[in-house]
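Summary of structural features
These are the residues of each chain, in order.
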Amino acid sequence: MSIGFELLGDVVIRSGTSEIVPGSPRQRCVLALLLIDVNRPVAMDTLIERVWGATPPRQASATLYSYIARLRALRATPSEQEAWDIARTPAGYLLRTDETSVDLVLFRSEVDRARTMTPEEAKERYERALPLWRGRPFAGLKSNWLDGYRLTLDAEHLGVRLEYNELLLDEVHVRLNAYESVLPHFAEALDGYRQLGDQVGDSNILNGTGWALARLGRYAEGADHCRQALPLLQHHGDGEDQAATWDTLGYIARHTGGTERALHAYGQALLHFRSIGNANREADTWSKLGDLHAERDEDARAREAWTTALTLYLRQGRSAAAHRMTAKLPPDHPG
């Protein structure tokens, strides 16, 4: 019998073809908190604070124990008892199950895989991940901690949608409506992060908004968002998003006639992609540098950049990208 746990919408347990909705909202809140840290213990004090906030009831420990006992009682069959359990350990309560039975974990796993794949392979992974969202996470549940984490997940979801839309852009050439549609959501998430004082979330949203604005041709606004994001990303050591932000600044500079600025920005993106080992994005950046050098009539440098991109594409098995790169190189090129 298959077991599934859903957090990306209403909090429910799926057992075979049956849907189990744990009793009270507080009980579902406890289940959600344990599933967020699935297979990791959550201390009693942490659970109490996340459920009730700074002013828990006097009998919070006893109430929490009763909620967990009721959750364990939902395992009505031997197969369900084998598939999952909630154990009390010295470090706290731990919900034990197959991690991929939790929709949030499965979503992140599919997205992580997509980010290491070719665009053709990644598209399939994104199309598995995104339908897992059935609504806002932990629908109908209220706690200060869950409210904050819900904002984090909303921003994460929007970022993945943007990545997926970028893949679609390559397929259909232009989908400006996709970028228009996410801007209001990004603005809402940015406001939420700033209310929480969450600089990491703030910088990620600034980065994503900058790219969306750039693709819409709103270059000055996009550059402003990227310049706001960079110091925050540098402060928190986020190499991946620093690279992506420099890449966006390169795109903006190239489309506004600032080729020197574009060379600098793409060079910075290249350094970061290489330092974090993102060979896919490194290859794409070499390709862009080659195009930029060609626009400046710097043929030798263009060939050098395209050749480097071609080598990386071949190493990664990205045959379509390699074919495009070969077409840019002279017919007698040894690659």
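Up top is the structure.
Here is a short report on the structure shown in this document. Predicted, not measured: the structure shown is a model, and the values here were computed from it.

**Concerning the pattern of salt bridges**
All chains considered together, the criterion is met by 26 salt bridges. Here Glu-19 and Arg-14 are joined by a salt bridge, their closest N and O atoms 2.7 Å apart. For Glu-19, a relative accessible area of 45% gives the class partly exposed. Among the residues examined, Arg-14 registers a relative accessible area of 31% and is labelled partly exposed. Residues Arg-108 and Glu-156 are paired through a salt bridge, measuring 2.9 Å at the closest nitrogen-oxygen approach. Taken as a pair, Arg-108 in helix 5 (residues 103–114) and Glu-156 in helix 7 (residues 144–172) lie far apart in primary sequence, 48 residues in all. Assessed through its relative accessible area of 27%, Arg-108 is described here as partly exposed. A cluster of three or more residues bridged by salt bridges with shared partners is formed by Glu-6, Arg-14, Glu-19, Asp-103 and Arg-134.

**Quick look at the sheet that holds strand 2 (residues 12–15)**
Reading across the sheet, the three strands line up as 1-2-3 and stay open at both edges, with antiparallel pairing between neighbours. Strands at the two margins of the open sheet, each flanked by one partner only, are strand 1 (3–6) and strand 3 (18–20). Adjacent strand axes in the sheet meet at a mean angle of 20 degrees when their direction is disregarded. Relative to strand 3, strand 2 runs antiparallel, the two being bridged by three bridges. Pairing of Ile-13 across the sheet is with Ile-20, part of strand 3.

**Focus: the side chain of Asp-291**
Residue placement: Asp-291 occurs in helix 13 (residues 279–295). Side chain to side chain, Asp-291 and Lys-328 meet in a polar contact 2.8 Å long. Not counting residues within four places of it along the chain, the set of residues in contact with Asp-291 comprises Arg-254, Trp-306 and Lys-328.

**Re the packing of aromatic side chains**
How two aromatic rings sit relative to each other is given by the distance of their centres and the angle of their planes. On inspection of all chains with the given rule, the structure shows seven aromatic pairs. Here the aromatic rings of Phe-107 and Trp-133 are separated by 5.5 Å at their centres, their planes lie at 75 degrees, and the arrangement is edge-to-face. Within this pair, whereas Phe-107 is found in helix 5, its partner Trp-133 is found in the loop between helix 6 (119–129) and helix 7, the two being separated by 26 residues in sequence. Neither Phe-107 nor Trp-133 differs from the other in exposure class; each is buried. Geometrically, the ring pair formed by Trp-145 and Tyr-149 is stacked, given 5.1 Å between the ring centres and 15 degrees between the ring planes. With Trp-145 and Tyr-149 both in helix 7 and four residues apart, this pair spans about one turn of that helix. Taken together, the ring pairs connect Phe-138, Trp-145 and Tyr-149 into an aromatic cluster.

**Observations concerning the pairing of strand 5 (residues 92–96)**
Of all five residues making up strand 5, four are buried, and the element is well covered by its neighbours. Bridging between strand 4 (residues 85–89) and strand 5 involves five bridges; their strand directions are antiparallel. Of the residues in strand 5, the one forming a bridge with Ala-87 is Leu-94. Counted along the chain from strand 4 to the antiparallel partner strand 5, the turn is two residues long.

**Points about unusual backbone geometry**
In this structure, Phe-138 is a non-glycine residue whose phi angle is positive, near 55 degrees. Structurally, Phe-138 is set in the loop between helix 6 and helix 7. Owing to a relative accessible area of 0%, Phe-138 belongs among the buried residues under this scheme. Even without being a glycine, Asp-297 presents a positive backbone phi close to 60 degrees. Mapping Asp-297 onto the fold places it in the loop between helix 13 and helix 14 (299–316).

Reading the values: rules and limits
Residues numbered from 1 in each chain as written. Predicted model: local features only at pLDDT ≥ 70, side-chain atom pairs only at ≥ 80, totals over all residues. Heavy atoms only, no water. Salt bridge = Lys/Arg side-chain N within 4 Å of Asp/Glu carboxyl O. Buried < 20%, exposed > 50% of the residue type's maximum accessible area, 1.4 Å probe, protein only. Helix = DSSP H or I, 4+ residues; strand = E, 2+ residues; numbered from the N terminus. Pairing = 2+ DSSP bridges. Axes fitted to C-alpha atoms, helices over the stretch in contact; angles between N-to-C directions. Polar contact = N/O pair within 3.5 Å; in protein donor to acceptor, adjacent residues only side chain to side chain. Contact = heavy atoms within 4.5 Å. Phe/Tyr/Trp six-rings, centres within 6.5 Å; stacked < 30°, edge-to-face > 60°.

What is shown is where atoms sit, not what they do.
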